[in-house]
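Topology and contacts: notes
Take a look at the letters that make up each chain.
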Amino acid sequence: MFAMPKLSFRTAPQPAVVPHLPAHAVQGGWCRREEAIMGTAISVELWSDDRDAGEAAIDAVMAEMHRIDQLMSPYKPVSELSIINRDAAHRAVPICAEMFELIARSLRFSKLSDGAFDITYASAGHLYDYRERVKPSDAELAQAVGAIGWQHLQLDRAQRTIGFAREGVRIDLGGFAKGHAVDHGVAILARLGIRHAIVSAGGDSHVLGDKRGRPWTIAVRDPRNADAVVAVLPLEDVAISTSGDYERFFEADGVRCHHVLDPKTGKSPDSIRSVTILADDGLTSEALSKCLFVMGVERGMAFIEAQPGVDAVVVDAHGRLHFSSGLLAGGPQAPH
C-alpha cells in the first residue's frame, strides 16, 4: 500500500453568485448527482450535515456548469465563443472578463509548452467528426494547419477584446473549459461551507478535502480495457485530469483518429494512449495533460518534472506505465 503525497490547494476563481442555503436542519449524509452538461457527464458528490443544504449546493454547482456551457460551447450559435469564431477575423470582438482571462492564460500555456497547447487547434479540429467517422483530406488539413497558431490571437486588455490576425482561425476551449468548470464548482462548495466533495466533468475532477477521514480514490483506467485499471490514486485537495485516445475516436486506414490533436500537424499523436495529470487546479491539470500527450513521453515527462506541484501518470503506445518522480516517491496504489 502506498500513499501519494498531499498536494497543496489553490482556491479556484470565485463564482459571481452563491445562493443562501436553507436554515432548517435535515439529517445529513452523502449527496450525489450526475447530469449531462457541456457534452459530458457532470457529477458532484459531497457530504453535508444538512441534506437539503447539500442538495442546494449541488444545484448551485450544476447551475454554474450550465452558465459556463452557455458561454463557452462551440456548438451554441449565440455563445460568446461562437461569436468570437464568427467575427474575430473581421473585427475586434468585445468579450467578458472571464473569457478574456481564460484566453490569456491559454496563451501562457502555449508559450510555456512551445505550442504543444494551442486553442487555435480548432482551425483543424472542426474538420473532424468523430461520430460520423469524418476526417479532413490532406489538402483541407494543410490549409487548416496554416491557420493554427496562438500568435494569431490579438488580445487587447485595455479594450478587453480579441481579434484574429488572419482568416480561418478558430478557437476551442475544449482542452480547458472542463477544468475551469470543476474549479468553479469546488469554489462554490467551499464558499457554502462544504468540506468534503468531488466535482467531475468527464475526465476532469477537483477534490475538496478528504472523504471524511480517508482519501478520495480515483482509478486510472486501462486505455484498451474499460473494465480494468492501471493505477489507483488516493487524493486530497487536488485537481486531476485524464486525456485518452479512447474518449472520442475512430479508426481509419489503420490509424486511430482521436480528439487530442497536435497543433503543428492537425493530426492525433500516436505515441501515447493516456495521460493523467495532478495539479493544484483543474485549468492547469487539463492544459498540461494535452501538453504531455502532444509532446510524447520523454519530452513530456521532462516538461512535467519542471512544473512545481505537478505529477503525471502516462500509458504509452505499448501499454507501458510511466510515473513522475513525485508519484514514484509516494507510490500510487497498484490496482487490485
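Everything discussed here concerns the structure shown above.
Quick summary incoming for the structure in this document. Counting restarts for each chain, with residues numbered from 1 along the sequence as it is written. Local features in this predicted model are restricted to residues of pLDDT 70 or higher, and side-chain atom pairs are both shown and tallied only at a pLDDT of 80 or more, whereas totals for entire chains, interfaces and linings draw on every residue. For side-chain calculations, the full set of non-hydrogen atoms in the structure is used, while hydrogens and water are omitted.

**Observations concerning the environment of E64**
Positionally, E64 belongs in helix α1 (residues 51-72). Taking the relative accessible area as the measure of exposure, E64 reaches 7% and is therefore buried. A run of DSSP states H or I qualifies as a helix once it reaches four residues; a run of E qualifies as a strand once it reaches two. Both are numbered from the N-terminal end. Only protein chains enter the area calculation, which uses a 1.4 Å probe; residues under 20% of their type maximum are buried, those over 50% are exposed, and those in between are partly exposed.

**Side note on the packing of helix α6 (residues 177-191) against helix α7 (residues 282-295)**
Closest axis-to-axis distance for the α6/α7 pair is 7 Å, and the angle between their directions is 160 degrees. Taken together, the axes of α6 and α7 lie roughly antiparallel to each other. For the crossing formed where α6 meets α7, the hand is right-handed. Contacts between α6 and α7 involve A177, K178, G179, H180, V182 and D183 from the former and G282, L283 and E286 from the latter. Residues of the contact of α6 with α7, tallied by class, amount to three nonpolar, three polar and three charged. Angles shown run from 0 to 180 degrees and are taken between the N-to-C directions of axes, each axis being a line fitted to C-alpha atoms and, for helices, limited to the stretch in contact. In this scheme, roughly parallel covers angles under 35 degrees and roughly antiparallel covers those over 145, while 65 to 115 is roughly perpendicular and the rest are oblique. Crossing handedness is read from the near helix: turned anticlockwise from the far helix by less than a right angle, it gives a left-handed crossing, and turned clockwise, a right-handed one. Here a residue-residue contact requires only that any non-hydrogen atoms of the pair lie within 4.5 Å. Three residue categories are used. Nonpolar comprises Ala, Val, Leu, Ile, Met, Phe, Trp, Tyr, Cys and Pro, charged comprises Asp, Glu, Lys and Arg, and polar comprises the others, including Gly.

**Quick word on the pattern of salt bridges**
Salt bridges are defined as contacts in which a side-chain nitrogen from Lys or Arg sits within 4 Å of a carboxyl oxygen from Asp or Glu. As enumerated under the stated definition, the model contains 18 salt bridges in all. R105 is paired through a salt bridge with D281; the nearest N and O atoms lie 3.3 Å apart. Here the residue R105 occupies a position in helix α3 (residues 97-112), and D281 occupies one in the loop between β13 (272-279) and α7, the gap between them amounting to 176 residues. Overall, the relative accessible area of 21% leaves R105 in the partly exposed class. R224 serves as the salt-bridge partner of D245, at 2.8 Å between the closest nitrogen and oxygen. Note that D245 is positioned in the loop between β10 (238-244) and β11 (249-252) and R224 in the loop between β8 (216-222) and β9 (225-235), a separation of 21 residues in sequence.

**Re α6**
For α6, with 15 residues, the first-to-last C-alpha span of 21 Å sits near the 21 Å given by 1.5 Å per residue. Where burial is concerned, most of α6 is hidden: 13 out of the 15 residues are buried. Looking one or two places after α6, you find G193, whose phi comes out positive at around 90 degrees. An expected span of 1.5 Å times one less than the residue number is assigned to each helix.

**Remarks on the sheet that holds strand β15 (residues 321-323)**
Across the sheet, which stays open at both edges, the eight strands sit in the order β1-β2-β6-β7-β10-β13-β14-β15 with antiparallel pairing between neighbours. The open sheet has two free edges, formed respectively by β1 (29-37) and β15, since each of these has just one partner strand. Adjacent strand axes in the sheet meet at a mean angle of 10 degrees when their direction is disregarded. DSSP-based pairing: two strands are paired if at least 2 bridges between them are found. Note: strand β2 (residues 40-48) against strand β6 (residues 197-201), five bridges, orientation antiparallel. Paired with S43 across the bridge in β6 is S200. Running over the sheet, α1 touches β1, β2 and β6 and is turned about 20 degrees from β1. Sheet contacts for helix α8 (residues 297-305): β13, β14 (311-316) and β15; angle to β14, the most-contacted strand, approximately 170 degrees.

**A short note on the sheet that holds strand β5 (residues 161-164)**
Strand order in the open sheet made by the three strands is β3-β5-β4, with antiparallel pairing throughout. Strand pairing shows two members of the sheet lacking a second neighbour, β3 (93-94) and β4 (153-156), which therefore form its edges. By the bridge criterion, four bridges tie β4 to β5 in an arrangement that is antiparallel. Along β5, the bridge assignment pairs L153 with F164.

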